[in-house]
Amino acid sequence: MHDNVDVVVVGAGISGLTAARRLVEAGHSVVVLEANGRVGGRTMNIDVVDGVITEGGGQWVGPGQNAVLALVDELGLSTFPTHTDGKAIYLRNGRRKLYDGVVPPLHPLVMLDYAHLQFRLERMARRVPLAAPWQAPRAGEWDSTTFGHWIDRHAKTAEAKWLMGLAFSIVLSQDPRSVSLLSVLHLFAATGGMSGAIEVKGGAQEARIVGGSARIAITLAEQLPADVVILDSPVEAIDQSRRGEVAVQSRRATVRCRQVIVAMSPGDAQRIRFTPDLPARRTKLQHGGGCGSMNKLFMVYERPFWRDDGLNGQALSDLMMTPFVSDNSPPDGSVGILVTFMLPATGHTTLRWTDEVLESSDARRKALARDLISLFGSKAGQPSQYLEKLWTNEPWISGCVNMLAPGSRSQCRDAIVRPVGNVHWAGAEASLDDHPGYMDGAVRAGERAASEVCSVL
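Residues numbered from 1 in each chain as written. Predicted model: local features only at pLDDT ≥ 70, side-chain atom pairs only at ≥ 80, totals over all residues. Heavy atoms only, no water.

A. Highlighting the nonpolar core. Core analysis: the largest hydrophobic core is formed by 60 residues, its most contacted members being L121, F147, M164, F168, L172, L185 and F188. Take this core: its biggest share by element is ten residues, from helix α6 (residues 158-172). Lining this core are residues from two domains, each supplying at least three of them: domain 2 (81-102 + 293-395) and domain 3 (108-197). In this structure, I14, L404, V443 and A449 belong to the second largest nonpolar core, which totals 47 residues. (Core = buried A, V, L, I, M, F, W, Y, C linked by side-chain atoms within 4.5 Å. Buried < 20%, exposed > 50% of the residue type's maximum accessible area, 1.4 Å probe, protein only. Helix = DSSP H or I, 4+ residues; strand = E, 2+ residues; numbered from the N terminus. Domains from an automatic or database assignment.)

What follows is the structure, given as structure tokens:
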């Protein structure tokens, strides 16, 4: 197929589809090219039983995420609170404790150490300009080290070091020792501080979308004109060598247009061949933009039995399969679902994956059941289903969260958002000043890119 349209959007995740929606509303002709056989990108729903889903990818929204919450309302969708009623579980070194609220039951010295680490990080984050983090007074120094090594150097107690490393292995879905300290400080500045990134009530995990987060992208696609979205069509090349025209070549379509929006993570965008070559800063950004390797595992039960025991389904532990557990049941509690995250094995999490667990779904199911029994008791060993979403196996998405490697933020500067000729950039990471890496950031980046395009058409 050879088409001529105003704009080609590459990627049918939340960001790309938001951009397409705004462009259509402005009266422009659009084609969206998506490599996968579905829309949603790093959000997707997994069927559990009739009428019940669980979220295989990004799922939570919270206060301050005004762009995605406004879009949810615009699309006629709604949210419901993450279940937090009851006590949470903290298990470390074989000792299981229950607690209320946000803070696990820590020794006072550990609590003081953790609070001091948080205070220092948030004080540093306040010095990072949101729209230009490379202009922070110590940008070069902070960007040349990793977040994990900063924790190693400044934590005074082993438990505070472990707990902070664990928390941010979950948030970043990467080893903290592979992520730029400056990028993490920028994340804190853009999400309302460290607490905003990791907490449930009042934080980024406060609520979920009724029907699952994938409903955002699905509804966006349904409300676009027919034939705008072309699936199973990975883009291979973008050629803007001819003045005033861009040729976008994909597996199923060659489309000529006036402007392009690439709504992909920087790490995934490097699959595309650009003519002329991209500027050096953008190329470096894409090579240094590897995504995290987190996978999600789910144990399904006939009902959320832990609520009967006064538990809210949340747990933090040093067990191999359950570093963090949350109640992922539907709003009516008709089915019980516990979700956990299969994190990268790091020195901070002290995870030690066996080859069997890494390679076998059945081994993962058995190991998860064993750890959930340690946390929630014998009833946890009687699931009705085991489900998993392995993002490491995705053919077109190289991970769920994209955090920049040391050196990338200060050296690449604004390359993550700066247009290159007629090519503009979206995707969750391309929101510098508000919730980068979140669904909210994806919406903001899509709307910004659409606004850029509208201003030149």
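B. Spotlight on the domain arrangement of the protein chain. Partitioning the protein chain into structural domains gives domain 1 (4-42 + 213-278 + 420-455), domain 2 (81-102 + 293-395) and domain 3 (108-197). Taking only C-alpha atoms, the centre of domain 1 and the centre of domain 3 are 32 Å apart. When the buried area of domain 1 at its contact with domain 3 is split by residue, L432, D433 and Y438 rank highest and sum to 70% of it. Here domain 1 and domain 3 share zero salt bridges between them. At the junction of domain 1 and domain 3, the tally comes to two residue pairs in polar contact (both at pLDDT 80 or more). Of the residues belonging to the side of domain 1 that touches domain 3, the class tally is three nonpolar, one polar and two charged. (Buried area = accessible area lost by both parts, 1.4 Å probe. Salt bridge = Lys/Arg side-chain N within 4 Å of Asp/Glu carboxyl O. Polar contact = N/O pair within 3.5 Å; in protein donor to acceptor, adjacent residues only side chain to side chain. Nonpolar A, V, L, I, M, F, W, Y, C, P; charged D, E, K, R; others polar.)

C. Molecular detail of the UniProt feature "binding site: FAD" (unreviewed entry) in the protein chain. Within this structure's numbering, the places UniProt gives as "binding site: FAD" (unreviewed entry) are S15, E34, A35, V235 and E429. Discounting residues that sit within four places of it in the chain, S15 has contacts with A263, A426, G427, A442, A445 and G446. On the secondary structure map, A35 appears in the loop between β2 (30-33) and β3 (45-49). Aside from chain neighbours lying at most four places away, what touches A35 is D232, S233, P234 and W396. (UniProt positions renumbered as here; feature names shortened; annotations may be inferred. Contact = heavy atoms within 4.5 Å.)

D. Examining the UniProt feature "binding site: substrate" (unreviewed entry) in the protein chain more closely. Cross-referencing UniProt, the feature "binding site: substrate" (unreviewed entry) maps to F341 in the present numbering. For F341, the location among the structural elements is in strand β18 (residues 336-342). Apart from residues no more than four positions distant in its own chain, F341 is found in contact with W60, I170, M294, N295, K296, M321, P323 and F324.

E. Region of interest: the packing of aromatic side chains. Summed over all chains, the structure comprises eleven aromatic pairs. Relative to F188, the ring of F147 lies with its centre 6.3 Å away and its plane at 80°, an arrangement referred to as edge-to-face. Residue F147 is found in helix α5 (residues 147-154), and its partner F188 is found in helix α7 (residues 181-191); the two are separated by 41 residues along the sequence. Across the pair, F188 and F147 agree in class, each one buried. Look at Y301 and F305: their rings are 5.1 Å apart centre to centre, the planes differ by 80°, and that puts the pair in the edge-to-face class. For the pair Y301 and F305, a shared accessibility class is recorded, and that class is buried. Among the aromatic residues, those joined into a ring-pair cluster are Y301, F305, W306 and F376. In this structure, R282 packs its charged tip against the face of W425, placed 3.5 Å from the ring centre. Lying over the aromatic face of W391, K389 brings its terminal NZ or CZ to 4.9 Å of the ring centre. (Phe/Tyr/Trp six-rings, centres within 6.5 Å; stacked < 30°, edge-to-face > 60°. Lys NZ or Arg CZ within 6 Å of the ring centre and 35° of its normal.)

F. Highlighting the sheet that holds strand β9 (residues 207-209). Across the sheet, three strands lie side by side as β5-β9-β6; this open sheet has antiparallel pairing. The open sheet has two edge strands, β5 (60-61) and β6 (79-81), and neither has a second partner. Inspection of the sheet shows β5 paired to β9 by two bridges, in the antiparallel sense. From the neighbouring strand, W60 faces β9, where its bridge partner is R208. (Pairing = 2+ DSSP bridges.)

G. Representation of the sheet that holds strand β16 (residues 311-317). Strand order in the open sheet formed by seven strands is β8-β7-β16-β17-β18-β15-β19, and the pairing between neighbours is mixed. Unpaired on one side and paired on the other, β8 (95-99) and β19 (385-389) mark the two borders of the sheet. Between one strand axis and the next, the sheet turns through 20° on average, direction left out of account. Where strand β17 (residues 324-327) meets β18, three bridges bridge the pair, whose relative direction is antiparallel. Across the sheet, residue S326 finds its bridge partner in β18, namely V339. Across the sheet, α6 lies against β7 (87-92), β16, β17 and β18, angled at about 120° from β7, the strand it touches most. Against the sheet, helix α13 (residues 361-376) engages β7, β8, β15 (295-301), β16, β17, β18 and β19, with an angle of about 65° to β15. (Axes fitted to C-alpha atoms, helices over the stretch in contact; angles between N-to-C directions.)

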